[in-house]
Amino acid sequence: MSTELVIKDLRISVGEKPIIKGLNLTVKQGEIHALMGPNGSGKSTLANALMGHPFYSVDSGEVTFGGVDVLELEPNERARLGLFLAFQYPTAIPGVSMANFLRMAVSAVRTENSNGSETTELIPMRAFRRELREKMKQLGVDESFARRYLNEGFSGGEKKRAEVLQLAMLEPKIAILDETDSGLDIDAVRIVGESLNQLIGPDLGVLIITHYPRLLTYIRPQFVHILLDGRIVESGGWELAELLEKKGYDPIREKYGISPEVLADDDVEDPLSALRR
Amino acid sequence: MTQHMTQPETETVDIGVSSDYKYGFHDDIKPVFKSRKGLDTEIINQMCDVKGEPDWMRQYRLKAYEIFKQKPDVNWGGDLSGLDFDDIYYYVKASDRTERSWDDVPDDIKRTFDRLGIPEAERKFLAGVGAQYDSEVVYHSLQEELDKVGVIFVDTDTALREYPDLMKEYFGTLIPSADNKFAALNSAIWSGGSFIYVPPGVKVDYPLQAYFRINTENMGQFERTLIIVDEGAEVNYVEGCTAPSYSSASLHSAVVEIVCKKGSRVRYTTIQNWANNVYNLVTKRAFAYEDAHMEWIDGNLGSKLTMKYPSVYMMEPGARGEILSIAFASKGQHQDAGAKVIHCAPHTTSRITSKSISKDGGRSSYRGEVRVMKGAKGCKSTVQCDALILDEKSRSDTYPVIQIDENDVNIGHEARVSKIGEEQLFYLMSRGLSEDEASAMIVNGFIEPLVKELPMEYAVEMNRLIQLQMEGSVG
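Engineer: How should a positive patch on the surface be read in this particular structure?
Structural biologist: Together, A:Arg126, A:Arg129, A:Arg130 and A:Arg133 make up a region of like positive charge exposed at the surface. Tracing the sequence through the fold places A:Arg126 in helix α4 (residues 125–139).

Engineer: What exactly am I supposed to notice about the confidence of the model for chain A here?
Structural biologist: Close inspection of predicted coordinates is inappropriate for parts of the model with low pLDDT. Residue and element names in this part refer to chain A. On average, residues of chain A score 88 in pLDDT, and 90% of them are at 70 or above. Ranking the elements of chain A by mean pLDDT puts helix α10 (residues 266–269) last, at 42, and strand β6 (residues 83–86) first, at 97. Low confidence marks residues 263–269, where pLDDT is under 50. Its contacts with residues over four positions away, or in another chain, come to 19 contacts.

Engineer: How should I be thinking about the nonpolar core in this particular structure?
Structural biologist: Within soluble globular proteins, side chains that are nonpolar tend to cluster in buried spots. Judged by nonpolar contacts, the single largest core of 118 residues is most densely connected at A:Phe101, A:Leu132, B:Leu428 and B:Val443. Top element by residues in this core is helix α9 (residues 435–451) of chain B. It accounts for nine residues. Ignoring any residue separated from it by four or fewer positions in sequence, one finds A:Phe101 in contact with A:Val96, A:Leu150, A:Gln166, B:Leu428, B:Arg431 and B:Met441. With 39 residues, the next largest nonpolar core counts B:Val202, B:Leu208, B:Val256 and B:Cys385 among its residues.

Engineer: Got a minute to help me understand the packing of helix α1 (residues 41–51) of chain B against helix α2 (residues 55–70) of chain B in this structure?
Structural biologist: Geometry of a packed helix pair, given as the angle between the helix axes and the separation of the axes. Residues and elements named next belong to chain B. One can describe the packing of α1 onto α2 by two numbers: an axis separation of 10 Å at closest approach and a directional angle of 160 degrees. Compared by their axis directions, α1 and α2 come out roughly antiparallel. You can see that α1 and α2 cross each other, and the crossing is right-handed. Listed contacts from α2 to Thr41, Ile44, Asn45, Met47, Cys48, Asp49 and Lys51 of α1 are Arg58, Arg61, Leu62 and Tyr65. Class assignment for the residues of the contact of α1 with α2 results in five nonpolar, two polar and four charged.

Engineer: Mind showing me how you'd approach the sheet that holds strand β1 (residues 4–14) of chain A here?
Structural biologist: Sheet strands associate in pairs through backbone hydrogen bonding, adopting either a parallel or an antiparallel arrangement. All names here are of chain A. On the basis of which strands lie adjacent, the open sheet formed by four strands has the order β2-β1-β4-β5 and antiparallel pairing. Edge positions in the sheet fall to β2 (17–28) and β5 (68–69), since each of these pairs with one other strand and no more. Across nine bridges, the pairing between β1 and β2 is antiparallel. Bridged to Val6 within β2 is Thr26. Helix α1 (residues 43–51) contacts β1, β2 and β4 (57–65) of the sheet and is inclined by roughly 115 degrees relative to β1.

Engineer: Got a minute to help me understand α9(B) in this structure?
Structural biologist: Each turn of an α-helix holds 3.6 residues, which means side chains three or four residues apart point in the same direction. All names here are of chain B. For α9, built from 17 residues, the straight-helix expectation of 24 Å at 1.5 Å per residue is met to within 8% by its first-to-last C-alpha distance of 23 Å. Its axis deflected by about 35 degrees at Gly445, α9 carries its strongest bend there, up to four residues before the proline Pro449. Within α9, 13 of the 17 residues are buried, which leaves it mostly tucked inside the rest of the structure.

Engineer: Looking at this structure, I do not really get the sheet that holds strand β7 (residues 174–178) of chain A. What am I missing?
Structural biologist: Residue and element names in this part refer to chain A. Taken in spatial order, the six strands of this open sheet run β6-β7-β8-β3-β9-β10, and their pairing is mixed. In this open sheet, the two edge strands, each paired with only one partner strand, are β6 and β10 (231–236). Recorded for the sheet is a direction-independent mean angle of 20 degrees between the axes of neighbouring strands. Strand direction decides the pairing type here: β7 and strand β8 (residues 205–210), joined by five bridges, are parallel. Bridge pairing links Ile176 to Leu207 in β8. Those strands touched by α1 are β3 (32–36), β6, β7, β8 and β9 (223–228), and its axis lies near 140 degrees from that of β6.

Engineer: I'm lost on the side chain of B:Asp230 in this one. Help?
Structural biologist: Residue and element names in this part refer to chain B. Tracing the backbone through its elements, the reader meets Asp230 in the loop between β9 (224–229) and β10 (234–242). For the buried Asp230, no salt bridge is present, and the opposite-charge side chain at shortest range is Lys261, 4.1 Å distant. Beyond its immediate stretch of four places on either side in the chain, Asp230 contacts Tyr197, Val198, Pro199, Pro200, Lys261 and Ser264.

Engineer: How do you make sense of the pattern of salt bridges when you look at a structure like this?
Structural biologist: Two side chains with opposite charge may pair up if their charged atoms get near one another. Tallying each qualifying case throughout the model produces 38 salt bridges over all chains. As a salt-bridge pair, B:Glu239 and B:Lys284 come within 3.1 Å of each other at their nearest N and O atoms. Of this pair, B:Glu239 sits in strand β10 while B:Lys284 sits in strand β14 (residues 278–288), and the two are 45 residues apart along the sequence. B:Glu239 sits in the buried class, given a relative accessible area of 7%. For B:Lys377, the salt bridge goes to B:Glu406, with nearest N and O atoms at 3.3 Å. Of this pair, B:Lys377 sits in the loop between β21 (363–372) and β22 (379–389) while B:Glu406 sits in the loop between β23 (395–404) and β24 (409–419), and the two are 29 residues apart along the sequence. On the basis of relative accessible area, B:Lys377 is assigned to the partly exposed category, the value being 42%. Salt bridges sharing common partners tie together A:Arg110, A:Glu131, A:Lys135 and A:Glu171.

What counts and what doesn't
- Residues numbered from 1 in each chain as written.
- Chains lettered and ligands numbered in written order.
- Predicted model: local features only at pLDDT ≥ 70, side-chain atom pairs only at ≥ 80, totals over all residues.
- Heavy atoms only, no water.
- Patch = residues over 30% accessible without salt bridge, like charges linked within 9 Å, V, L, I, M, F, W, Y side chains within 5 Å.
- Areas by Shrake-Rupley, 256 points an atom, 1.4 Å probe, with all protein chains shown as cover.
- Salt bridge = Lys/Arg side-chain N within 4 Å of Asp/Glu carboxyl O.
- Lys, Arg positive; Asp, Glu negative; His and termini not counted.
- Charge placed at Lys NZ, Arg CZ, Asp CG, Glu CD.
- Helix = DSSP H or I, 4+ residues; strand = E, 2+ residues; numbered from the N terminus.
- pLDDT = per-residue confidence, 0-100.
- Contact = heavy atoms within 4.5 Å.
- Core = buried A, V, L, I, M, F, W, Y, C linked by side-chain atoms within 4.5 Å.
- Buried < 20%, exposed > 50% of the residue type's maximum accessible area, 1.4 Å probe, protein only.
- Axes fitted to C-alpha atoms, helices over the stretch in contact; angles between N-to-C directions.
- Parallel < 35°, antiparallel > 145°, perpendicular 65-115°, else oblique.
- Left-handed = near helix turned anticlockwise from the far one by under 90°.
- Nonpolar A, V, L, I, M, F, W, Y, C, P; charged D, E, K, R; others polar.
- Pairing = 2+ DSSP bridges.
- Expected span 1.5 Å × (residues − 1).
- Bend = angle between axes of the 7 residues up to and from the residue.

Below, the structure is given as structure tokens:
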């Protein structure tokens, strides 16, 4: 049975400021959705809140994953259910090798009783190494990645490829990709897009959150949604993405009477920047 | 000279912890000889009689005892008010003779080693191990190869009997009794410890190891180690400590002296995991002569209070001193650890790397000294101190002293304090790790640059100990 991520009338604030103002969306395993919106529309807030970032408080609404209410769950419990977030700004963890980290993470999410308890048993080293090597080969990732410290000194493109490698290893049911194309040159977008395409299939549901449609030329979504001022204002197919490519967000802003000044609020788009080095 | 102080992140995480000591058991071993509590000349004389020591050592001890009495109490570093010198057994002998083979080691002592979980794989090293039980080495089997190449590896009491010339020549020459109050105490009442001599050009290609334990309530342990590495020789010595926990305070006060002659390479590794009622007050010093490299790797996880600053005196051109220090201070612990490098000759180089972690109200301090003597031109020294503080109750301080009496030098000092970032925790938790697992992973990553320098089995043990500390579930 396919698993669904169901978001109902979700409202999220950062401090006193409402950011997500009643959002509804359902993503099923095997479906590809694109959630597009300009800076400040609340995209990253939504992505982080769905994964359980403690910075964001959910005011009201409902999020279920496979019928389970996830809003009360810790991020690791959500991961164990099969939810994944590819970060816009992956954090560096100095001294922790990619291989050690992935072995721990894979062991954690593949535990039989996904109840959020401690990871007691690591998957056997030999089997893990084999699997990691295969996935790295499949995604065209250099084997030296395994020995490098997690995201430390990675270029923008390497960070995003590392996120895709983690996605491949953790085999989630639903993956949220937060601005996976941001900060990449056109070649890097192509490499990441092609890697992602390798992973697309009936067992994976994808929610691509993006500002620009360029990643979507590699992974073509069946559903496109436009996020403006904390709400999904339009939903449709590929033609919506094409419209944005041609005309930008202004016609939609005009249609819904939302002024761009309000939206160009950098603090809202990336409220976590202060916490980051 | 550069100095940076940054505080990149401000969030804190509260991680539950229990500070119960993991190896908090004690076996019922009957000491063969045990002095009464407290210290006086009668006890020192009694000890010399029991051990049958030569008169020069008796006089050395009695003189050191006078110095100990005259020295004022130590009033810096950590809080020593809980330490009562009159409430300590100064000499306990657990077994009558020094064992030569593993089969001869008494069963209850073997059982204690078993319960310490010394892995089977390490047994192969036992031929090269001097395992200190109570105040005396009870097991000391020397591998034949060591004999063949002329390497001496015995407990220091044996060295006093069998190698009196070497002992007389070097004993107390690096750390005289008057160096500090605890060195004086050790000089008065020392017992056990390791004595190593490596002849010119001999390279010992596996680590010589020793295990240390304290097992009599209120007893002090005052081992004395002397290592002499002759010209062009190499040796790697490893000591790991683990002690049963008792309700009243214990004192561990060792003295370690190392002579690194021309062109030698010496590495001395310590993983200290004393029970958290132990005062661990240790003086460690090495002299490095022409082109010699001396390296201290010093990991402090246990004890109530540790005050330890391994030092390297670079005596001749080309000498190099390196100190890697790891300190982990949890509830009720103060790790006052650090390093000293003294450039006495031109063109000498040194590096100090310190990593400390404080959690659950623990306090870790870096106390270090870089000194360049007049005329020591062209010296280079770098110091890097990283501190990780895991919660708001915990504390970290740095006390660097830099004294330069020469212009033509290159000295760098860098200190950084950080806290576990909420972003790092969230990132790891989003991949399925629990909060404790994520914290432990970040801490292990923090000390990884030092842990990778440890022998494999110690690296594994180190990671495991940190995991246990972080999970807060020990026992």
